[in-house]
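The chain contents come next:
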Amino acid sequence: MQQRGLVILTPIKPGQVDVLRQLLRSRIDPIWDAQTGQQICRAGMPFDRLHMLHFACIAVLDEDGGDAPMDPCLLFEATIDGAKGDFLDELITLCGPGLDLIYSHCEGYPASGVALPHLVKSYLGGHDVVPSIQYQGHPGRTISEIRGEDGLRLKLLKTLEGIRQQTADLPITRTEILHRLRRAVIAPPEDGETDGDTRWATEKRAEPIKTRWGRILVVLAAAAFGLLVAGVGIWVSAPNAAEYFLCMNQPLGPDTGCRAAFANNGAGTVLVAMSAWPFQWGGWLLSLIAEEGELFWTAAAAVASWLTARGLQYLCETQTKPGNAGTGWLLLQAARWAAVGLRAMALVAIIGFGLTNLGSVQIPNWIAYNLAGAVLTGALVLLVGLPALLFLRYIRTMPSLDSSFGHATAARRAWLSLASDTLWLVMAILTWLLLVAANWVTGYASHPPGMVFMTLVTWGVSGTLSVLFLLALASAAVVLWLLSIGVREQLFDNRSFEDATVLTDVAVDASRFAREGHGVNKVQNHLISVSRIKPGRLRLLRLRFVTFVVNQMCVWWFTRGELGDVRDIHFLRWIIIDRGRRLLFLDTYQGSWSGYLDAFIDSGSVHGLNAIWSHTYQYVRGVPRPVGFPRTECMLLKGARDERPFKAAVRASQKETTVWYSAYPGIGGVNIITNSRIRDDLFRPLDTAETDRLISTIR
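Basis of the calculations
Residues numbered from 1 in each chain as written. Predicted model: local features only at pLDDT ≥ 70, side-chain atom pairs only at ≥ 80, totals over all residues. Heavy atoms only, no water. Helix = DSSP H or I, 4+ residues; strand = E, 2+ residues; numbered from the N terminus. Buried < 20%, exposed > 50% of the residue type's maximum accessible area, 1.4 Å probe, protein only. Contact = heavy atoms within 4.5 Å. Areas by Shrake-Rupley, 256 points an atom, 1.4 Å probe, with all protein chains shown as cover. Axes fitted to C-alpha atoms, helices over the stretch in contact; angles between N-to-C directions. Parallel < 35°, antiparallel > 145°, perpendicular 65-115°, else oblique. Left-handed = near helix turned anticlockwise from the far one by under 90°. Nonpolar A, V, L, I, M, F, W, Y, C, P; charged D, E, K, R; others polar. Phe/Tyr/Trp six-rings, centres within 6.5 Å; stacked < 30°, edge-to-face > 60°. Lys NZ or Arg CZ within 6 Å of the ring centre and 35° of its normal. Pairing = 2+ DSSP bridges. Arc of directions from axis to C-beta. Core = buried A, V, L, I, M, F, W, Y, C linked by side-chain atoms within 4.5 Å. Patch = residues over 30% accessible without salt bridge, like charges linked within 9 Å, V, L, I, M, F, W, Y side chains within 5 Å. Salt bridge = Lys/Arg side-chain N within 4 Å of Asp/Glu carboxyl O. Expected span 1.5 Å × (residues − 1).

Q: Got a minute to help me understand the overall build of the protein in this structure?
A: Of regular secondary structure, the protein possesses 23 helices and 15 strands. Looking at the 699 residues of the protein, the share that counts as buried comes to 47%. The long-range fraction of contacts in the protein, counting pairs at least 24 apart against all pairs at least 6 apart in sequence, stands at 79%. Here the protein has roughly 33900 Å² of accessible surface; of this, 63% comes from carbon and sulfur atoms.

Written out as structure tokens, the structure is:
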């Protein structure tokens, strides 16, 4: 059954905020019975009678600082099984008196109340807002399934304890233990047994289609896109095929037209070079340097220019102090970006000198040669170098290195960046060497083997990469445009917003999170955060795009109980509200508040979190200027990795969860995943190691 979220935001009547908040605390919020470990619902709002309801939250959202404060509104959040309309019907039928009591303080609520249920349903449904991001930690699992699988684990644990007592002095195999566990599950309940009938566990658990096939569909979609690009590329490069085939039976050499045909296609020359007979690399390199000495010296000058520019950039990065927006900071940033541009030009020059060697032409004329071949030549190097580059970028953001390098000094962070950029230089040099080597081998080799195969490969691959190259150019133009806007936005943020580090010394109203960690929230907790979206249409548009991408990943990829590496989430929602001026974050999670945020900080999910919250700021009592999110790089890096400012920012934006109900308050998200795994493994064939793992999991 599909799970859905209901988020109803209704404006509160003037002067009724405090009255409504007190009403929710005293007459609506369920009472926690510590002896039974259960919630006792109030007579007016019997949440426990709503069989579709997983979680419910009611809270008052208001602001007490800053310009243009948000109009106070009432939040009603519910996570349900099935259709929203059916749930609203049940809610109005069973909780009518409580709804009238609550919403009589809200604007526009029908004066007739639940006496005319269709008007109340229309009112509540009309104020339901659609989340920009909605993540389900356990898609497809109904309330009865979650409770039942937890009861199944407890019954198996009880059975294991009985087996241990019965066979304390007798040897027993793991297989026999497994058989006894299975018999205990399929046996009908005896009179007076409280564990209930568990024979339903023999049936295979139903998984939603998106959970089972979502990732496969994503991979197939990516493959279909690749085939589309390949088809377009082959179609574009088809006119060159005839020229290749005409030259197949003619010798290659410096004085033949066919040599030029292949030399003008960098892809063909590289493939010829790769298929040529092996030769002595040392002697070849010396001969190449002797014959192409001028080319080597020009490339060496470009490499020296790159090293000089990168050294200047490193110096600027180590001297930059966060939060300083003065003249000195602007000069350092200008010098840094100038160095970035110089080293980019040096990289282009290195590869360009190699391209000029194809056909021995001058620099202004190399563009006239087959661009597809040149792209393939560089791609052969990128296929080798990009994995290494991505690995190094990952190393830079690993939590283990962040603790020792990431936040220690700016110099160490700049050093890691320098190592990453140096890899780009190495790849450019390798590309240049391949270009030179390809031209040299093509000019002197005769009848290289596999000509037909090479021609076909060159035709298809170079055409495909030509299309990819054009897409890359368009993407690069967009990226450069966004970077230029990003620089202006960063300057604006430095002038307009305080750094989040100031929040580490600001006291926060503890009543907002007084219920965390005890009572009904001992295992499960709830977080409400409201922050303002930074001004600018482009920022809002970019935020909507980011949330769209993240939401699609939650729908199709993160469907197996983990958002990145975070397994503690039951349900999570981000919602753009107040006509695009504020961002509402709702989260039901397992464990402590601090430990939960640590899980985000230490995982790859922190990049998505940065991309969303870096668009926001907030007003905090005691701070004269608005406070931004901890500073990020390229929206993804740093940000929440700065632990103390990040946690302080979340606390400052947090609102009180006034009313909270859970249908299974003692079951955490990790427990739900574990219980489902036990059920899935119990009745399938298991080897010895899998049996040991199952028994250990039950314990």
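After that view, the rundown keeps rolling.
Q: Sorry if this is basic, but what is going on with the environment of Trp-557 here?
A: Mapped onto the elements of the fold, Trp-557 is located in the loop between α18 (537-556) and β8 (569-577). Judged by relative accessible area, which is 31%, Trp-557 ranks as partly exposed. Sequence spacing of Trp-557 and Leu-217 is 340 residues, and the spatial spacing of their C-alpha atoms is 9.3 Å. Setting aside residues up to four positions removed in sequence, Trp-557 forms contacts with Arg-215, Val-218 and Gln-552.

Q: It is not clear to me how the environment of Ile-172 should be interpreted in this structure. Could you clarify?
A: Positionally, Ile-172 belongs in the loop between α5 (143-166) and α6 (174-186). Apart from the residues lying within four places of it in its own chain, the contact partners of Ile-172 are Ile-163, Thr-167, Ile-177 and Arg-180.

Q: Teacher, can you tell me more about the packing of α6 against helix α23 (residues 688-698) here?
A: Relative orientation and spacing of two packed helices are given, respectively, by the angle between their axes and the distance between those axes. Put simply, α6 and α23 touch, their axes get as near as 10 Å, and they point 55 degrees apart. Overall, the two elements α6 and α23 adopt an arrangement that is oblique. Crossing handedness for the pair α6 and α23: left-handed. Note on element contacts: α23 touches α6 through Thr-691, Asp-692, Leu-694, Ile-695 and Ile-698, opposite Arg-174, Ile-177, Leu-178 and Leu-181. Across the contact of α6 with α23, the residue classes break down as six nonpolar, one polar and two charged.

Q: I tried to follow the packing of aromatic side chains on my own but got confused; where do I start?
A: The way to describe two aromatic rings as a pair is by their centre distance and the angle between their planes. If you walk through the whole model with that rule in mind, you get 18 aromatic pairs. Ring centres 6.1 Å apart and planes at 85 degrees place the aromatic pair Phe-492 and Phe-497 in the edge-to-face group. By relative accessible area, Phe-497 is classed as buried at 5%. Feature note: the residues Trp-574, Phe-585, Trp-613, Phe-629 and Phe-646 constitute an aromatic cluster, connected by ring pairs. For the cation-ring pair, Arg-651 lies above Phe-513, with the distance from its terminal atom to the ring centre recorded as 3.6 Å. Arg-651 extends its terminal NZ or CZ atom over the ring of Trp-593, reaching a point 3.7 Å from the ring centre.

Q: Help me understand the pairing of strand β5 (residues 73-81), please; the structure alone is not making it clear to me.
A: In regular strands, side chains alternate between the two faces of the sheet. Most of β5 is tucked away, with nine of its nine residues classed as buried. Burial along β5 is two-sided: the face carrying Cys-73, Leu-75, Glu-77, Thr-79 and Asp-81 and the face carrying Leu-74, Phe-76, Ala-78 and Ile-80 are both buried. Bridge count between strand β1 (residues 3-11) and β5: nine bridges; the pairing is antiparallel. The residue bridging Gly-5 from the neighbouring strand is Thr-79, located in β5. As paired elements, strand β4 (residues 53-61) and β5 share eight bridges and run antiparallel to each other. Paired with Cys-57 across the bridge in β5 is Glu-77.

Q: For this particular structure, what's the right way to read helix α3 (residues 96-103)?
A: Spacing of three or four residues puts side chains on the same side of an α-helix, whose turn is 3.6 residues. Those residues of α3 that sit buried are Gly-96, Gly-98, Leu-99, Ile-102 and Tyr-103. Looking straight down α3, one finds its buried side chains confined to an arc of 160 degrees; they lie on one side. Looking at the buried positions of α3, the neighbouring elements they touch are β1, α1 (17-28), β4, β5, α2 (84-94) and α4 (117-126).

Q: What is the right way to read the nonpolar core from this model?
A: Generally speaking, soluble globular proteins have nonpolar side chains that are buried together. Counting 60 residues, the largest nonpolar core has Phe-47, Ile-58, Leu-74, Phe-76, Phe-87 and Tyr-103 as its most contacted members. Broken down by element, this core gets its largest block of residues, eight residues, from β4. In contact with Phe-87, other than residues within four places in its own chain, are Leu-6, Leu-50, Met-52, Leu-53, Phe-76, Ala-78 and Ile-80. Residues Leu-597, Trp-613, Phe-629 and Phe-646 belong to the second largest nonpolar core, which totals 33 residues.

Q: It is not clear to me how a nonpolar patch on the surface should be interpreted in this structure. Could you clarify?
A: Taken together, the side chains of Val-218, Val-219, Phe-545, Phe-548, Val-549, Met-553 and Trp-557 present a nonpolar region at the surface, about 620 Å² in accessible area. In this structure, Phe-545 sits in helix α18.

Q: What is the right way to look at the sheet that holds β4 in this model?
A: The strand order across the open sheet built from four strands is β1-β5-β4-β15, with neighbouring strands paired in antiparallel fashion. Two strands bound the open sheet, and with one partner strand each, they are β1 and β15 (659-662). The average angle at which neighbouring strand axes cross in this sheet is 10 degrees, direction not considered. Packing of α1 onto the sheet brings it into contact with β4, β5 and β15, and relative to β4 it is tilted by some 150 degrees.

Q: Which parts of the structure should I look at to understand α1?
A: Its twelve residues place the ends of α1 15 Å apart at the C-alpha level, agreeing with the 16 Å of an ideal helix rising 1.5 Å per residue. Along α1, the residues that are buried comprise Val-17, Leu-20, Arg-21, Leu-23, Leu-24 and Ile-28. Taken down its axis, α1 places every buried residue within 160 degrees of arc, on the same side. Buried residues in α1 make contact with β4, β5, α3 and β15.

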